[in-house]
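Fold and contact review
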Amino acid sequence: MKKMLQILSLALLSSISSFASADCKLSVRVFDFAPQFIQDKQGQWHGMAIELIQAVLQEANCSAQFNNVSWKRALHLLEHGGLDIMLNMSVTAERQKYLHFIGPLRDETMILVAPRRLKSEISSLEDIKQLSKRVGILRGAYYGTEFALQMQNDPAFAKRFEQADSTDINIGKLKKQRIAGFFNDKYNASYILKNKLDGSQYKIQPLILNQNFVYIGVSKKSVSAELRELLVQAFARAKSEGKLNKILSKYNDSSP
């Protein structure tokens with residue numbers, strides 16, 4: 001029996017190793033959103049999220065094929081096998097039906113960016129009802145259990161939001177005063193206030209909408225169990241060797 005288990009273990013290792021030696025290319029969702037995703041004039045992708053996934057894929061002897069698609073479209077592709085990997089994913093019961101999660105990759109805090117001229121600061125979800133305009137959210141994004149429940153159970157609250165396909169669209173709407181603000185990851189919001197919005201006119205509100213770890217989402221439809229295990233091992237090595245934390249520190253982001 002012991003000898004049989006040894007043979008099976010060797011067979012599994014051999015199967016996993018065969019992926020590492022083969023031409024392993026995985027499709028990864030990207031979008032133009034500095035400093036996590038940056039596309040240069042030559043069409044090459046850079047940024048924190050790019051460096052993180054490349055560090056993991058290199059450990060697995062794999063490479064990335066970057067696909068620039070919207071968040072909602074990417075979720076559909078992951079579910080139906082048209083995309084392999086999506087980064088910065090919160091774990092939800094719905095997503096667990098079609099995704100495996102590897103990580104955690106980093107810590108994410110969702111906040112509200114709004115004009116400084118508001119009569120009073122936004123410290124709670126109830127405060128949002130007092131805003132004169134709606135708040136921008138991303139189509140298909142996850143903003144935490146409390147937010148999801150209030151959206152479901154409070155019609156007046158749900159009417160206070162306007163969906164968009166990208167943060168850049170929400171930035172444009174805010175500049176044109178079409179929305180009162182928009183939700184975003186605190187790390188990215190800090191970058192936006194330095195590079196895309198006038199920090200003297202806009203700020204991060206006190207409201208902490210949600211805080212949790214985000215993961216690498218891997219499609220159950222397009223990525224085999226053997227390849228997924230290879231990626232899990234690759235992530236563990238990149239983490240234990242300090243490669244991922246080094247990248248996060250480089251961008252002044254927090255590690256899990």
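Check the entry above for the structure.
Overview of the structure. This structure is a prediction, so every number in the text was calculated from the model and none was measured.

Here's the deal with the overall build of the protein
Regarding its fold elements, the protein presents nine helices and 10 strands. Reported as C-alpha extents along the three principal axes, the dimensions of the protein are approximately 75 × 40 × 30 Å. Scored against the burial criterion, the 256 residues of the protein give a buried share of 45%. Considering only contacts within the protein whose residues lie at least 6 apart along the sequence, 75% involve residues at least 24 apart.

What about the pattern of salt bridges?
Applying the stated rule across the entire model yields 13 salt bridges. Note that Asp185 is salt-bridged to Arg106, the shortest N-O span being 2.7 Å. With Asp185 in strand S9 (residues 181–185) and Arg106 in strand S6 (residues 99–115), this pair connects stretches of sequence that are 79 residues apart. Each member of the pair, Asp185 as well as Arg106, is classed as buried. Glu121 is the salt-bridge partner of Lys203, the closest N and O atoms lying 2.3 Å from each other. Of the two residues, Lys203 is situated in strand S10 (residues 202–219) and Glu121 in the loop between S6 and strand S7 (135–138); the sequence distance between them amounts to 82 residues. Among the residues examined, Lys203 registers a relative accessible area of 18% and is labelled buried. We classify Glu121 as partly exposed; its relative accessible area is 43%.

Examining the environment of Ile137
If you trace the backbone, Ile137 turns up in strand S7. Using a relative accessible area of 6% as the deciding quantity, one classes Ile137 as buried. Measuring from C-alpha to C-alpha, the distance between Ile137 and Ser166 comes to 8.7 Å, with 29 residues separating the pair along the chain. When residues no more than four places from it in sequence are discounted, the contact partners of Ile137 are Tyr143, Phe147, Met151, Phe161, Glu162, Gln163, Ala164, Asn170 and Phe183.

Let's talk about the packing of aromatic side chains
Under the definition given, this model contains 10 aromatic pairs. Taken together, a centroid distance of 4.9 Å and an interplanar angle of 65° make the contact between Phe157 and Phe161 edge-to-face. For Phe157, a relative accessible area of 0% corresponds to the buried category. By relative accessible area, which is 6% here, Phe161 ends up buried. In textbook terms, an aromatic cluster arises when at least three aromatic residues are bridged by ring pairs, as seen for Tyr143, Phe147, Phe157, Phe161 and Phe183.

Procedures and definitions
Residues numbered from 1 in each chain as written. Predicted model: local features only at pLDDT ≥ 70, side-chain atom pairs only at ≥ 80, totals over all residues. Heavy atoms only, no water. Helix = DSSP H or I, 4+ residues; strand = E, 2+ residues; numbered from the N terminus. Buried < 20%, exposed > 50% of the residue type's maximum accessible area, 1.4 Å probe, protein only. Contact = heavy atoms within 4.5 Å. Salt bridge = Lys/Arg side-chain N within 4 Å of Asp/Glu carboxyl O. Phe/Tyr/Trp six-rings, centres within 6.5 Å; stacked < 30°, edge-to-face > 60°.

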